[in-house]
Amino acid sequence: AGVATQSTVLAQRLRELNFWKDEVQSQLQAVDKEIETLLKYKGNLENSLESTEHPQSVTTSCLTYRQGREAIDMVQDDVENNLLKEVEVIEGVRAVLMRTLEQTVEQIRRLRSAKYFLQKDVADKNAAISIDNSCHSLNNKDTDINLYEGVTQDLVSAVMPADWSNYSDSNIKKAECEKQASVTLRSVISGVVEQTRNDLLTQCRNVDLALKKRVEECSNAKERLTGHLEKVEKEIESMEGNISQLKSAIEEKLAPLKVAHTRLAQRSQRPNIELTRDPAQYQLVNEVKLIEASISALESQLEASEASLKGLIRNQIDLKEDIRIKTKSLHIDKVLCQDLRATIDYSHN
């Protein structure tokens, strides 16, 4: 009867042990699964953080390249403002992702701590079940039964049944609490990853649109300057031809003038009464005056034309310099910045 009663009590104890072992084991599996899931979310955070490194480098490079603009083009335009804003956005996003990553690492640590206590509890219960199963199977005919001294004394380290069940219950509740915290954190991570990606994409598009507009404006300005330069160069060519013609016209009038001067000089040598103001004399004097007046007018035109030519040449030099500046700005914004920014890709975040 004593052995039967003992077996009944041991059977009840085994049922309790198996119940709590199953409860703890179930929670252990759930925690294990949650750790595995949270590790994937941690990977997403790390990928998102890593994906900001290249855009950050690109934005910094674009700002550096644009410091090479010159003169009137060296302004803090809409592109510059948006690039500076992109630096702020990327730095802000990285800060948020790093904080969230730190929280995730801490939550994984807490889950693993809860897992450790659950594993230890399961291991202890498996050991207890093994022992009690062995005890439950003993009977009066077994050969390995014996008498042991002091086995009836109270166990100093033994706990009360209520404390025993509370221990497993506490481990389960603690693990459940950490699991729920992890679920909440995963929701936060999803929101953070999505929001930061949207913020990065929005600012990236703002920069690209501003850059596209600036390239178009600069290209149009260069085209206008080039057209103006062509017009000025044609005017220079025309003015040079006009100056050449004026010089030729002046040169052509010098010979008749010299002839008239020579005639007057020779006729001034006529002797005595022959030195008269005859019609030939008047004609020669009038001719000299007419030719000199014509040359004077031509020289005035030549001086004005040469002054205009100098102005046109100065204008040509200024236009060429403006075109050089615009060409350099276009190379910076279109070739260096736009081509480099085409390598930014947030689609894999």
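Everything here concerns the structure above.
So, how was this worked out
- Residues numbered from 1 in each chain as written.
- Predicted model: local features only at pLDDT ≥ 70, side-chain atom pairs only at ≥ 80, totals over all residues.
- Heavy atoms only, no water.
- Helix = DSSP H or I, 4+ residues; strand = E, 2+ residues; numbered from the N terminus.
- Buried < 20%, exposed > 50% of the residue type's maximum accessible area, 1.4 Å probe, protein only.
- Contact = heavy atoms within 4.5 Å.
- Areas by Shrake-Rupley, 256 points an atom, 1.4 Å probe, with all protein chains shown as cover.
- Phe/Tyr/Trp six-rings, centres within 6.5 Å; stacked < 30°, edge-to-face > 60°.
- Lys NZ or Arg CZ within 6 Å of the ring centre and 35° of its normal.
- Salt bridge = Lys/Arg side-chain N within 4 Å of Asp/Glu carboxyl O.

Peer 1: Explain the overall build of the protein to me, and be specific about the residues and the numbers.
Peer 2: Secondary structure summary: the protein contains 5 helices and 0 strands in total. Scored against the burial criterion, the 349 residues of the protein give a buried share of 34%. Restricting the contact set of the protein to residue pairs at least 6 apart, pairs at least 24 apart contribute 90%. Counting every atom, the protein has about 22000 Å² of accessible surface; 53% of that belongs to carbon and sulfur.

Peer 1: Residues and numbers for the environment of Phe-117, please.
Peer 2: Of note, Phe-117 is situated in helix α3 (residues 78-137). Filtering out sequence-adjacent residues up to four positions away, Phe-117 remains in contact with Tyr-167 and Asn-171.

Peer 1: Lay out unusual backbone geometry in plain terms, naming residues and giving numbers.
Peer 2: Notably, Ala-71 is not glycine yet its phi reads approximately 45°, a positive angle. Inspection of the secondary structure puts Ala-71 in the loop between α2 (53-65) and α3.

Peer 1: So what's going on with the packing of aromatic side chains? Which residues, and what values?
Peer 2: A complete count under the given rule lists 2 aromatic pairs for this structure. Each ring, one from Phe-19 and one from Trp-20, has its centre 5.4 Å from the other, and the planes form 80°; the classification is edge-to-face. A residue is classified by how much of its surface remains accessible, and Phe-19, at 45% relative accessible area, is partly exposed. Overall, Trp-20 belongs to the buried group, its relative accessible area being 16%. Note on Tyr-116 and Phe-117: the rings are 5.3 Å apart at their centroids and 75° apart in plane angle, and the pair reads as edge-to-face. Note on Tyr-116: relative accessible area 48%, which makes it partly exposed. One Lys or Arg, Lys-174, reaches over the ring of Phe-117 and ends 5.8 Å from the middle of that ring.

Peer 1: I'd like a description of the pattern of salt bridges, backed by residues and values.
Peer 2: Where side chains of opposite charge bring their charged atoms close, a pairing between them can arise. Enumeration according to the criterion identifies 24 salt bridges in this entry. Salt-bridge contacts for Lys-42 lead to Glu-46; the nearest nitrogen and oxygen are separated by 2.8 Å. Here the residue Lys-42 and the residue Glu-46 both occupy positions in helix α1 (residues 2-50), the gap between them amounting to 4 residues, near one helical turn. Two residues, Glu-321 and Arg-324, come together in a salt bridge whose shortest N-O distance is 2.8 Å. Residue Glu-321 and its partner Arg-324 are both found in helix α5 (residues 279-341); the two are separated by 3 residues, about one turn of the helix. Given the relative accessible area of 35%, Glu-321 is considered partly exposed. Assessed through its relative accessible area of 35%, Arg-324 is described here as partly exposed. A network of salt bridges, in which partner residues are shared, links Arg-66, Arg-69, Asp-77, Glu-80, Arg-214, Glu-217 and Asp-333.

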